[in-house]
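# Tertiary structure, described
Here is how the chains run, residue by residue.
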Amino acid sequence: MQQVSTTRSFGGEQQVWRHDSAATGTPMTFAIYIPDHEAGAKLPVLWWLSGLTCTHENAMTKGHYQQACAEHGIAFICPDTSPRGEDVPDDETYDFGQGAGFYVNATQDPWAKHFHMRRYVEEELPALVAEHFPLDMERQAITGHSMGGHGALTVSLRNQGRFRSTGAFSPIVSPLNCPWGEKALGGYLGDDRSAWREYDACALIEEGARLDHLRVEQGMADDFLVEQLKTHLLAEACEKAGMEADIRLHDGYDHSFFFISTFIADHIAWHAEHLKA
Ligand SMILES: N[C@@H](CCC(=O)N[C@@H](CSC=O)C(=O)NCC(=O)O)C(=O)O
């Protein structure tokens, strides 16, 4: 692993690291915020999965999570959203290819060679950070934004018990039922829609997966709400399954980091309650 940068912020270190990934077959970059802590202490972890067009950097520079993480003594990790590089296939649109990995293991050419973001965020990166940083992997939580909200929900639903709490800002709740999801899952996984179900939060809940503590933050002035995000489908799936979900609708807020940064401290405080319980 190679350290790219370390920057002091709110009584902690905001760091960026690069490493060679076996999952993607490329170098990968991630950001990690580590609050100051007592020697020998191990910190609870909050994962942040980012949205379309993002790298590790968007949440780090615009998410405003550092102060709340320092206050609660929580490490915060932002992986990149896809493999990158000249040898990595890409697409000219913003919602497919590099910057749009959708947290799946692609099975279709030419994507299958590098686009294994599920394996990367579920297996490889957790093992790597557990080895190199002072983290308590028994106390993990996960959240994310938009495509990353879809990632947070589906990673947690497939790995029940790993995360003490699961959150999402403006998540894509059912890729099976929106243009972003149909394009990405069709491209990465092929035409057989039954293979998409393990990447669809509503389908996973329908099939029996459950989360103990779920909170969603959704802006009501979000231009993507009606066509892409469809928050009501998650509310309906949870209600049908008898699963509690705190779906918070925020009047006047859009899809941007202005929304995320407004509510991130409150969102982190909620995760902290569960991480410290
Ligand atoms: N730029 C695109 C829209 C892309 C966009 O809004 N990306 C969001 C995530 S959307 C779902 O995953 C984002 O976080 N962008 C990065 C940022 O720093 O704001 C377009 O051309 O419409």
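Residues numbered from 1 in each chain as written. Predicted model: local features only at pLDDT ≥ 70, side-chain atom pairs only at ≥ 80, totals over all residues. Heavy atoms only, no water.

Put simply, the rule reads: UniProt positions are given in the numbering used here, feature names are shortened, and annotations may be inferred rather than shown by experiment.
Looking at an unreviewed UniProt entry, one finds the chain named S-formylglutathione hydrolase and attributed to Aurantiacibacter sediminis. Entered under Function (unreviewed entry) in the UniProt record, the comment concerning the chain runs "Serine hydrolase involved in the detoxification of formaldehyde."

### Quick word on helix α3 (residues 117–132)
Which entries qualify depends on this criterion: Fitting axes to the seven residues that end at a residue and to the seven that start at it, the angle between those axes gives the bend at that residue. Note on conventions: DSSP H or I runs of at least 4 residues are helices, E runs of at least 2 residues are strands, and numbering of each starts at the N terminus. Burial here depends on accessible area, computed with a 1.4 Å probe over protein chains only, as a share of the maximum for the residue type. Under 20% is buried, over 50% is exposed, and the range in between is partly exposed. The contact definition used throughout considers only heavy atoms, calling two residues in contact when any of these lie within 4.5 Å.
Within α3, the axis deviates most sharply at E124, by approximately 35 degrees, and proline P126 lies no more than four positions further along. Burial in α3 covers these residues: M117, R118, Y120, V121, E122, E124, L125, P126, L128 and V129. Structurally, α3 contributes buried residues whose contacts are with β2 (12–20), β3 (27–35), β4 (43–49), β5 (75–79), β6 (135–144) and α4 (147–158).

### Points about the nonpolar core
One broad trend across soluble globular proteins is that nonpolar side chains are buried collectively. Condition: In this description, a nonpolar core means a group of buried Ala, Val, Leu, Ile, Met, Phe, Trp, Tyr and Cys residues linked to one another through side-chain atoms lying within 4.5 Å.
Membership of the largest hydrophobic core comes to 48 residues, with the highest contact counts inside it found for F30, I77, F102 and Y188. Per element, the largest residue contribution to this core is six residues, and it comes from α3. Counting residues in hydrophobic clusters, the runner-up holds 24 residues, among them L46, A68, C69 and F257.

### As for the pairing of β3
Note the following rule: Strands are labelled as partners when DSSP assigns at least two bridges between them.
The element β3 is extensively covered by neighbouring structure, given that eight of its nine residues are classed as buried. Judged from the nine bridges that link them, β2 and β3 form a sheet pairing that is antiparallel. When the bridges of β3 are listed, V16 appears paired with A31. Where β2 hands over to β3, the hairpin turn is made up of six residues, of which G25 adopts a positive phi near 70 degrees. Where β3 meets β5, four bridges bridge the pair, whose relative direction is antiparallel. Bridge pairing links Y33 to F76 in β5.

### Concerning unusual backbone geometry
Of note, the amide linkage connecting D109 to P110 takes the cis form, showing an omega dihedral of 5 degrees. Secondary-structure assignment places P110 in the loop between β5 and α3. Positive phi is not limited to glycine here, since F10 has a value of about 50 degrees. Examined against the element boundaries, F10 turns out to sit in the loop between β1 (2–8) and β2.

### Things to note about the site of the ligand
Under the convention used in this document: Near residues are defined by distance, with any heavy atom within 4 Å of the molecule or strand qualifying the residue. In protein, a polar contact means a hydrogen-donor-capable atom and an acceptor-capable atom, both N or O and within 3.5 Å, with residues adjacent in sequence counting only if both atoms are side-chain atoms; elsewhere, any N or O pair within 3.5 Å suffices. Note that accessible areas follow from Shrake-Rupley with a 1.4 Å probe, and for residues the cover is restricted to the protein chains shown. As a working rule, the residues Ala, Val, Leu, Ile, Met, Phe, Trp, Tyr, Cys and Pro are called nonpolar, Asp, Glu, Lys and Arg charged, and the rest polar, with Gly in that last group.
In the vicinity of the ligand, 14 residues are found, and the nearest of them are L52, N58, K62, S146 and M147. N58 places a polar side-chain atom, nitrogen or oxygen, 2.8 Å from an oxygen atom of the ligand. Protein contacts shield 69% of the accessible area of the ligand, which totals 540 Å² for the unbound molecule. Residues of the shell around the ligand, tallied by class, amount to seven nonpolar, six polar and one charged.

### A closer look at the packing of aromatic side chains
Applicable threshold: A pair of aromatic rings is counted whenever rings of Phe, Tyr or Trp (Trp by its six-membered ring) have centres within 6.5 Å, and the orientation is called stacked for planes under 30 degrees apart, edge-to-face for over 60 and tilted otherwise.
The tally for this structure, following the rule as stated, stands at 16 aromatic pairs. When the ring of W111 is compared with that of F115, the centres are 5.2 Å apart and the planes differ by 90 degrees; the resulting orientation is edge-to-face. Of the residues examined, W111 reaches a relative accessible area of 7% and is grouped as buried. Relative accessible area serves as the criterion here: at 1%, F115 is assigned to the buried category. Judged by centre distance (4.9 Å) and plane angle (75 degrees), the ring pair of Y253 and F263 falls under edge-to-face. Taken as a pair, Y253 in the loop between β9 (246–250) and α9 (257–275) and F263 in helix α9 lie far apart in primary sequence, 10 residues in all. Overall, F263 belongs to the buried group, its relative accessible area being 15%. An aromatic cluster is present here, built from Y33, W48, Y65, F76, F169, Y253, F259 and F263 joined pairwise through their rings.

### Some remarks on the pattern of salt bridges
For clarity, the threshold we go by: The term salt bridge refers to a side-chain nitrogen of Lys or Arg lying within 4 Å of a carboxyl oxygen of Asp or Glu.
Throughout the structure, instances matching the rule amount to 15 salt bridges. Residue E13 is joined to R8 by a salt bridge in which the shortest nitrogen-to-oxygen separation is 2.9 Å. Taking the relative accessible area as the measure of exposure, E13 reaches 23% and is therefore partly exposed. For R158, the salt bridge is made with E122, and the minimal N-O distance between the two is 2.5 Å. Of this pair, R158 sits in helix α4 while E122 sits in helix α3, and the two are 36 residues apart along the sequence. Each member of the pair, R158 together with E122, is buried. Taken together, the shared-partner salt bridges in this structure form one network comprising R215, E217, D246, R248 and D266.

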